[in-house]
Amino acid sequence: MSESNSRHGLSRALRFSARLRANSFIKYAVPRSVLAAIAALALQSAPVMAQEQARTESVEIFGGEQFGDKLTDAPVSGRNPRLNDNALAGIRYNYNFTGMWGVQLSSGYSWSRASRVPGGDNKLGVTTVDLDAVWNITPQFPLVAYMLAGAGYAWANLDSPIAGVSNGRAFVLADSNGFTANAGIGVKYYVRNNLYIDLLARYRYLDRLVSTSNQHMNTSETTLGIGWRF
């Protein structure tokens with residue numbers, strides 16, 4: 001083979017190799033560039049991650065279950081009256097001083113009843129108002145874990161007085177009201193920047209709900225709420 005033919009063959013081989021590299025670049029690099037561009041556009045158009053923010057307010061409505069306790073410290077006609085487990089609902093207002101710290105004002109109502117009482121079950125609605133300090137544990141994320149604690153007041157609405165015998169003497173229990181304290185842990189999930197779902201488990205101490213009783217109650221609540229931030 002002549003030197004001229006050898007150079008011609010080498011030139012063709014180099015051109016063929018260059019075409020292969022060009023085709024490979026078009027086949028792999030160009031689609032990757034297109035995907036990268038689409039991803040960049042998607043990130044630019046994606047909404048900003050929601051989070052707890054300073055100087056923001058929110059209002060939420062909630063519903064759930066209240067778990068009761070004994071109403072009296074001594075048996076009445078052989079049994080201790082009890083605040084039964086029942087549904088509750090209410091409304092909350094939240095204000096954030098910072099992303100991490102805030103305050104909550106809430107009010108709830110439970111459609112409960114007094115059970116284990118002479119004459120059968122007796123309706124016993126309970127209204128609570130609470131003021132709580134709130135600590136947002138993960139304020140920078142859409143899923144915000146938080147803790148709260150505070151105090152308030154509770155009112156009982158007994159359908160009719162409870163008459164019975166305790167310690168050998170007859171007496172009548174009427175509805176009453178008193179101090180309440182609570183502490184809880186919850187989590188908020190931001191569906192959108194100004195819309196969230198709130199799941200909360202709360203322990204509640206109640207001073208008393210019926211008269212002539214020194215029984216202090218330890219109750220709990222689980223609620224699911226939906227809130228709007230503004």
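Everything numeric in this text was worked out from a predicted model, so none of it was measured.

Draft legend 1. The overall build of the chain, seen in detail. In terms of helices and strands, the chain carries 1 helix and 11 strands. Helices (α) and strands (β) of the chain occur, in sequence order from the N terminus, as α-β-β-β-β-β-β-β-β-β-β-β. Look at the contacts in the chain between residues 6 or more apart in sequence, and 65% of them connect residues 24 or more apart. Roughly 13100 Å² of accessible area belongs to the chain as shown, and the carbon and sulfur atoms make up 63% of that amount.

Draft legend 2. Region of the structure containing the confidence of the model for the chain. On average, residues of the chain carry a pLDDT of 83, and 78% of them reach 70 or more. Here residues 24-31 is modelled with pLDDT under 50, and outside its nearest four sequence neighbours on either side it reaches 3 contacts, counting other chains as well. Counted against residues more than four places away or in other chains, residues 41-48, with its pLDDT under 50, gives 0 contacts.

Draft legend 3. Expanded view of the nonpolar core. With 17 residues, the main nonpolar core has Leu71, Leu83, Ala114, Leu124, Ile162 and Leu209 as its most contacted residues. When residues of this core are traced back to their parent elements, those giving at least two are strand E5 (122-136), strand E6 (143-158) and strand E8 (169-173). Once residues within four sequence positions are removed from consideration, Ala114 is found in contact with Leu71, Arg82, Asp121, Asn122, Leu124, Leu158 and Ile162.

Draft legend 4. Molecular detail of the pairing of strand E1 (residues 56-67). One ladder, built from 11 bridges, connects E1 with strand E3 (residues 86-96); its direction is antiparallel. Looking across to E3, one finds that Phe62 is bridged to Gly90. Judged from the 10 bridges that link them, E1 and strand E11 (residues 217-229) form a sheet pairing that is antiparallel. Among the inter-strand pairings, Phe62 is bridged to a residue of E11, identified as Gly225.

Draft legend 5. Representation of the pattern of salt bridges. Across all of its chains, the model carries 7 salt bridges by this definition. Measuring nitrogen to oxygen at the nearest pair gives 3.0 Å for the salt bridge that ties Arg92 to Glu60. Taken together, the positions of Arg92 in strand E3 and Glu60 in strand E1 put the pair 32 residues apart, joining distant regions of the chain. The buried category is assigned to Arg92, whose relative accessible area is 2%.

Draft legend 6. Region of the structure containing the pairing of strand E10 (residues 195-206). The two faces of E10 differ: Tyr196, Asp198, Leu200, Arg202, Arg204 and Leu206 on one face are buried, but Leu195, Ile197, Leu199, Ala201, Tyr203 and Tyr205 on the other face are not. The turn linking strand E9 (residues 177-192) back onto E10 is made up of 2 residues. The pairing of E10 with E11 spans 12 bridges and is classified as antiparallel. The residue of E11 that forms the bridge with Leu200 is Thr223.

Draft legend 7. Inspection of the packing of aromatic side chains at higher detail. Counted according to the given criterion, the structure contains 6 aromatic pairs. Aromatic pair Trp101 and Trp135: ring centres 6.1 Å apart, planes at 20°, arrangement stacked. In this pair, Trp101 is assigned in strand E4 (residues 101-115) and Trp135 in strand E5, connecting sequence segments 34 residues apart. Relative accessible area serves as the criterion here: at 46%, Trp101 is assigned to the partly exposed category. A cation over an aromatic ring shows up here: Arg92 above the ring of Phe62, its NZ or CZ 3.9 Å from the ring centre. The ring centre of Tyr146 lies 5.7 Å from the NZ or CZ of Lys188, which sits over that ring.

Draft legend 8. Representation of the side chain of Arg202 in the model. Mapped onto the fold, Arg202 is located in strand E10. Residue Arg202 is classed as buried on the basis of its relative accessible area, which comes to 4%. Polar side-chain contacts of Arg202 include one of 2.7 Å to the side chain of Asn182.

Draft legend 9. A look at the environment of Arg92. On a C-alpha basis, the gap between Arg92 and Val129 in space is 9.8 Å, while along the polypeptide they are 37 residues apart. Not counting residues up to four positions away in its chain, the partners in contact with Arg92 are Ser58, Val59, Glu60, Phe62, Gln104, Leu105, Ser106, Asp198, Leu200, Arg202 and Thr223. A polar contact is formed between the side chain of Arg92 and the side chain of Thr223, at a distance of 2.9 Å.

The rules behind each value
- Residues numbered from 1 in each chain as written.
- Predicted model: local features only at pLDDT ≥ 70, side-chain atom pairs only at ≥ 80, totals over all residues.
- Heavy atoms only, no water.
- Helix = DSSP H or I, 4+ residues; strand = E, 2+ residues; numbered from the N terminus.
- Contact = heavy atoms within 4.5 Å.
- Areas by Shrake-Rupley, 256 points an atom, 1.4 Å probe, with all protein chains shown as cover.
- pLDDT = per-residue confidence, 0-100.
- Core = buried A, V, L, I, M, F, W, Y, C linked by side-chain atoms within 4.5 Å.
- Buried < 20%, exposed > 50% of the residue type's maximum accessible area, 1.4 Å probe, protein only.
- Pairing = 2+ DSSP bridges.
- Salt bridge = Lys/Arg side-chain N within 4 Å of Asp/Glu carboxyl O.
- Phe/Tyr/Trp six-rings, centres within 6.5 Å; stacked < 30°, edge-to-face > 60°.
- Lys NZ or Arg CZ within 6 Å of the ring centre and 35° of its normal.
- Polar contact = N/O pair within 3.5 Å; in protein donor to acceptor, adjacent residues only side chain to side chain.

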